[in-house]
Amino acid sequence: MDNFQTVLRFFMNQKATIGYSFMALLTIGGERVFSMVSFQCPCNHDQNFAYGLTFLLGPAAVLLVLGLFFSSRLWRLYTGCCLNPMKLCPRGNCFSCFRVFMSIFTGACVAPIMWLCVALLNGTFYECAVSGLNDNLVVELFCKNKTMKCREELAQVPCDRSKLSNNERMELLLMFRAQSQILGWCIIIIAATLGLLGTCCTNCRSKVSYLQLTFWKRYVEKEKERFDTFAMEYATKLAERNLQSFFENKDPETFPFPNHKAWEEISALYTFSRSEQYYSTLQRYVERTDRDFTPEKRPVMDLEHGIEMS
């Protein structure tokens with residue numbers, strides 16, 4: 001049993017690494033499926049560039065949008081800011097909002113960057129896109145010291161319909177693939193370097209020690225886990241109480257519920273302060289001495305969620 005707990009604890013500590021590894025495997029698999037099943041380069045000057053670039057950048061853009069869409073941190077930051085813009089700048093600190101948004105955006109960029117790297121290292125999409133360029137500089141680069149037929153047949157090179165000799169065609173394909181892989185490795189190196197520099201800068205400017213920062217991260221994770229569990233249990237009890245009151249035709253029992261102001265306060269963007277030993281907005285709220293314990297009689301929701309506004 002102790003060995004199982006040790007293994008489980010190891011995987012829990014490495015869940016970020018495991019998650020990124022799983023994301024990389026999915027990206028590689030998705031790129032291979034796109035390349036073999038759906039990608040068919042048209043092999044003409046008018047469509048090659050747009051077609052290849054669409055397959056190269058289109059999935060990356062979709063992954064970026066999905067990464068932002070499924071980010072709970074983004075919605076916690078953004079929800080309600082149109083009605084109350086000051087939510088983005090708690091205590092007048094707008095830089096913290098910008099820093100959090102950049103952190104969210106950086107996290108959402110992981111999957112798109114993985115896609116670009118895998119697609120460029122494979123080279124299929126890049127070959128199709130570059131072969132359709134009509135720019136003289138590009139054509140001169142690929143067809144230097146070659147016959148005029150190279151210029152005419154450049155767009156046909158990714159396909160087997162080219163009239164060039166096999167040696168010329170393979171030479172161009174290897175040139176395309178080499179450039180694609182160089183770009184892919186450049187993106188990997190730049191992303192890794194920026195990630196290292198960003199982590200070093202963040203840790204260097206940290207207001208707390210490494211161990212306290214580690215504790216802070218663990219606390220935030222546990223608070224979120226327990227909040228989800230507690231919210232589920234509390235919502236179940238509230239639903240049972242309401243249904244019981246409805247079907248038994250009697251007044252509902254008193255049910256304590258946080259008021260709207262309390263929800264707003266614990267949902268605000270948290271900024272660490274050395275003068276306050278708090279690790280989240282929830283802890284800061286519950287340890288306040290001037291808390292408002294007035295219960296919310298009716299939930300405040302808008303019509304989009306199917307509940308009448310109070």
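Only a predicted model underlies this, so the values are computations on that prediction, with no experimental measurement involved.

**Focus on the overall build of the chain**
A count of helices and strands for the chain gives 13 helices and 0 strands. If you list the helices and strands of the chain from N to C, you get α-α-α-α-α-α-α-α-α-α-α-α-α. Looking at the chain as a whole, 27% of its 310 residues are labelled buried. Residue pairs in contact within the chain that sit at least 24 positions apart in sequence constitute 62% of those at least 6 positions apart. Counting only carbon and sulfur atoms, one obtains 65% of the accessible surface of the chain, whose full area is about 21,500 Å².

**A look at the packing of aromatic side chains**
This model, assessed by the stated rule, comprises 17 aromatic pairs. A ring pair is formed by Y51 and F55, whose centres lie 4.9 Å apart and whose planes are at 45°; its orientation type is tilted. On the criterion of helical spacing, the pair formed by Y51 and F55 is a turn pair, its members being 4 residues apart in helix 3 (residues 48-69). Its relative accessible area of 24% is what places Y51 among the partly exposed residues.

**Digging into the nonpolar core**
Judged by nonpolar contacts, the single largest core of 25 residues is most densely connected at F125, L154, V157, L172 and F176. Secondary structure elements with two or more residues in this core: helix 3, helix 6 (110-122), helix 7 (124-131), helix 8 (136-142) and helix 10 (166-204). The contact partners of F125, leaving out residues within four places of it in the chain, are E31, F34, S35, F39, G52, F55, L56, W115 and A119. Counting 8 residues, the second-largest nonpolar core is a separate cluster that includes L68, L74, V100 and A108.

**Concerning the pattern of salt bridges**
Tallied over the full model, the rule gives 5 salt bridges. E225 is the partner of K222 in a salt bridge, and the nearest nitrogen-oxygen pair spans 3.7 Å. Taken together, the residues K222 and E225, both in helix 11 (residues 210-247) and 3 residues apart, mark about one turn of the helix. A relative accessible area of 34% means that E225 is categorised as partly exposed. One salt bridge connects E265 with R288, and the closest N-O pair in it is separated by 2.3 Å. In this pair, E265 is assigned in helix 12 (residues 260-267) and R288 in the segment after helix 13 (281-286), connecting sequence segments 23 residues apart. Residue classification places E265 among the partly exposed residues on the basis of a relative accessible area of 24%.

**Some points on the state of the cysteines**
Within this structure, the stated rule accounts for 2 disulfides. The disulfide that involves C41 links it to C128, with 2.1 Å between the sulfurs. Given an S-S torsion of about 85°, the disulfide between C41 and C128 has right-handed geometry. Of this pair, C41 sits in the loop between helix 2 (15-38) and helix 3 while C128 sits in helix 7, and the two are 87 residues apart along the sequence. The residues C41 and C128 share a single accessibility class, namely buried. Between the sulfur of C43 and that of C159 lies a disulfide, 1.5 Å long from S to S. The disulfide joining C43 to C159 has a torsion of about 75° about its S-S bond and is therefore right-handed. Highlighted residues: C43 in the loop between helix 2 and helix 3 and C159 in the loop between helix 9 (148-153) and helix 10, separated in sequence by 116 residues. For the pair C43 and C159, one class covers both residues: buried. Among the cysteines around C201, which has no disulfide bond, C204 carries the closest sulfur, lying 6.8 Å off. Among the residues examined, C201 registers a relative accessible area of 43% and is labelled partly exposed.

Procedures and definitions
- Residues numbered from 1 in each chain as written.
- Predicted model: local features only at pLDDT ≥ 70, side-chain atom pairs only at ≥ 80, totals over all residues.
- Heavy atoms only, no water.
- Helix = DSSP H or I, 4+ residues; strand = E, 2+ residues; numbered from the N terminus.
- Buried < 20%, exposed > 50% of the residue type's maximum accessible area, 1.4 Å probe, protein only.
- Contact = heavy atoms within 4.5 Å.
- Areas by Shrake-Rupley, 256 points an atom, 1.4 Å probe, with all protein chains shown as cover.
- Phe/Tyr/Trp six-rings, centres within 6.5 Å; stacked < 30°, edge-to-face > 60°.
- Core = buried A, V, L, I, M, F, W, Y, C linked by side-chain atoms within 4.5 Å.
- Salt bridge = Lys/Arg side-chain N within 4 Å of Asp/Glu carboxyl O.
- Disulfide = S-S within 2.5 Å.

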